[in-house]
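The lines below spell out each chain.
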Amino acid sequence: MGYPKEKNFVVFMPREKIVIGNWKMYKTAREAASYIEELIPLIEGCKTKVLLAVPFTTISTASKAAKGSPVLVGAQNMNDAREGAFTGEIAALMLKEAGADFVLLGHSERRHGFGETNDFVQRKVVRALQDDLIPVLCVGETADEREEGRTEEVLREQIEMGLEGVPKEESEKVILAYEPVWAIGTGKSATAKIAQEAHAFCRKVLGDVFGKKKAATVPILYGGSVKAENVNGLALEKDIDGVLVGGASLSVETLAKIVLNCKGK
Ligand code: PGA
């Protein structure tokens, strides 16, 4: 079992459920291998796709442990340049060679903790596609922006700017993640209703970018305090194609429960 690959790209079927675990700066390569060995039998037969965004030094070991299984491994960040004198940075080609199939881009912790701008994120999205990595573009408003009634303005800007220069035909290689900043790592997940409203808006903006028909097939994942208990309510919503899970993905049993509970209607 595995994923259909078109050239070097993994192709997702329209609207199939996807769970991405974001390990952030946790787990060594050795820990990753035993996690993945434990995970595979726990999710056997489940149709939901499982992706793990792991630390750079873990990608190679993790992708070997996941080989032949339905689990895909990816990175949490990259630089926008193909190569160059950028001390401490990492390029898409290096991630691909290490075994990554996708990369998180513009995660809130990068935007707010490391000053990443929409422009920088956009250049990374284009680079990822050029070098055969699926970009998972992360967008989301802060608590203040929501209180000020600016949620839609912020989401539109992050999506439109982030996807600038991406050809319409490449829309099927893009994943969008809506992660309200106020919900990340706070234990305070958005309700299914709030998340669905934001996802419907994101899909509308994707329609303006790629055309309505193509926008209907772009996976939009919800992230922010997802747990085994709240995932099903979220996944039942029309425009929620899956979830991006941080803290709760560190336990293999919990991630497996989330995968099994991430079901549509
Ligand atoms: P959380 O993180 O699930 O711990 O809230 C989500 C994320 O950062 O992607």
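The preceding data block contains the structure.
Conventions used here
Residues numbered from 1 in each chain as written. Predicted model: local features only at pLDDT ≥ 70, side-chain atom pairs only at ≥ 80, totals over all residues. Heavy atoms only, no water. Core = buried A, V, L, I, M, F, W, Y, C linked by side-chain atoms within 4.5 Å. Buried < 20%, exposed > 50% of the residue type's maximum accessible area, 1.4 Å probe, protein only. Helix = DSSP H or I, 4+ residues; strand = E, 2+ residues; numbered from the N terminus. Contact = heavy atoms within 4.5 Å. Near = heavy atom within 4 Å. Polar contact = N/O pair within 3.5 Å; in protein donor to acceptor, adjacent residues only side chain to side chain. Areas by Shrake-Rupley, 256 points an atom, 1.4 Å probe, with all protein chains shown as cover. Nonpolar A, V, L, I, M, F, W, Y, C, P; charged D, E, K, R; others polar. Pairing = 2+ DSSP bridges. Right-handed = clockwise from strand over helix to strand, strands pointing away. 1 Å grid on protein atoms, 1.4 Å probe; cavity = no way out; pocket = protein on both sides within 12 Å on 5 of 7 lines; lining within 4 Å. Points joined across faces, edges and corners; volume = space filled by probe spheres on them. Expected span 1.5 Å × (residues − 1). Arc of directions from axis to C-beta. Salt bridge = Lys/Arg side-chain N within 4 Å of Asp/Glu carboxyl O.

1. Notes on the nonpolar core
Residues Ile20 and Leu39 are the most contacted members of the largest nonpolar core, which totals 83 residues. The greatest single-element share of this core, amounting to 7 residues, is contributed by helix H8 (residues 192-210). If near-sequence neighbours (up to four positions away) are discounted, Leu39 is found in contact with Val50, Leu52, Val71, Val252, Leu255 and Ala256.

2. What to know about the site of the ligand
Around the ligand lies a shell of 13 residues, among which Lys24, His107, Glu179, Gly185 and Ser225 are the nearest. Between His107 and the ligand, the recorded distance is 2.7 Å, taken from a side-chain N or O atom to an oxygen atom. For the ligand, an oxygen atom lies 2.8 Å from a polar atom in the backbone of Gly247. When isolated, the ligand has an accessible area of 280 Å², and the protein chains bury 95% of it. The residue inventory of the shell around the ligand, partitioned by class, reads 4 nonpolar, 7 polar and 2 charged.

3. Quick word on the pairing of strand S6 (residues 102-105)
Residues of S6 alternate between two faces, with Phe102 and Leu104 on one and Val103 and Leu105 on the opposite face, all of them buried. Both strand S5 (residues 71-75) and S6 contribute to a ladder of 2 bridges, which runs parallel. Looking across to S6, one finds that Ala75 is bridged to Val103. As a crossover connection, the stretch from S5 through helix H3 (residues 92-98) into S6 is right-handed. Pairing of S6 with strand S7 (residues 134-139), which is carried by 4 bridges, proceeds in the parallel orientation. Across the sheet, Phe102 pairs through a bridge with Ile134, a residue of S7.

4. Re the layout of surface pockets
Roughly 440 Å³ of volume is contained in the largest pocket. Around the largest pocket, the lining comprises 20 residues; the ones closest to its centre are Lys24, Met25, Gln76, Asn77 and Arg110. Of the residues in the lining of the largest pocket, the class split is 9 nonpolar, 6 polar and 5 charged.

5. Focus: helix H7 (residues 151-162)
With 12 residues, H7 should cover 16 Å at 1.5 Å per step; its first-to-last C-alpha distance of 16 Å lies within 8% of that length. Every buried residue belonging to H7 is among Thr151, Val154, Leu155, Gln158, Ile159 and Gly162, and all of these are buried. Summarising the axial view, the buried residues of H7 lie within an arc of 120°, below the 170-degree limit, and thus occupy one face. As for H7, its buried residues are in contact with helix H4 (108-113), helix H5 (118-130), S7, helix H6 (143-147), strand S8 (175-178) and H8.

6. Some thoughts on the pattern of salt bridges
Under the counting rule described, the total for this entry stands at 18 salt bridges. Across the pair Arg123 and Asp80 runs a salt bridge whose closest N-O atoms are separated by 2.8 Å. A residue pair is termed long-range when its members are at least 10 positions apart, and Arg123 in helix H5 and Asp80 in the loop between S5 and H3 qualify at 43 residues. According to the relative accessible area criterion, Arg123 is partly exposed, its value standing at 40%. In this structure, Lys238 and Asp239 form a salt bridge, with 3.7 Å as the shortest nitrogen-oxygen distance. When its relative accessible area of 65% is taken as the criterion, Lys238 is described as exposed. Given a relative accessible area of 5%, Asp239 falls into the buried group. Linked through salt bridges whose partners overlap, the residues forming this network are Arg203, Lys238, Asp239 and Asp241.

7. Some points on the side chain of Asp131
Following the sequence through the fold, Asp131 ends up in the loop between H5 and S7. With near-sequence residues (within four places) excluded, Asp131 lies in contact with Arg82, Ala92, Leu93 and Lys96.

In short, shape yes, function no, at least from these values alone.
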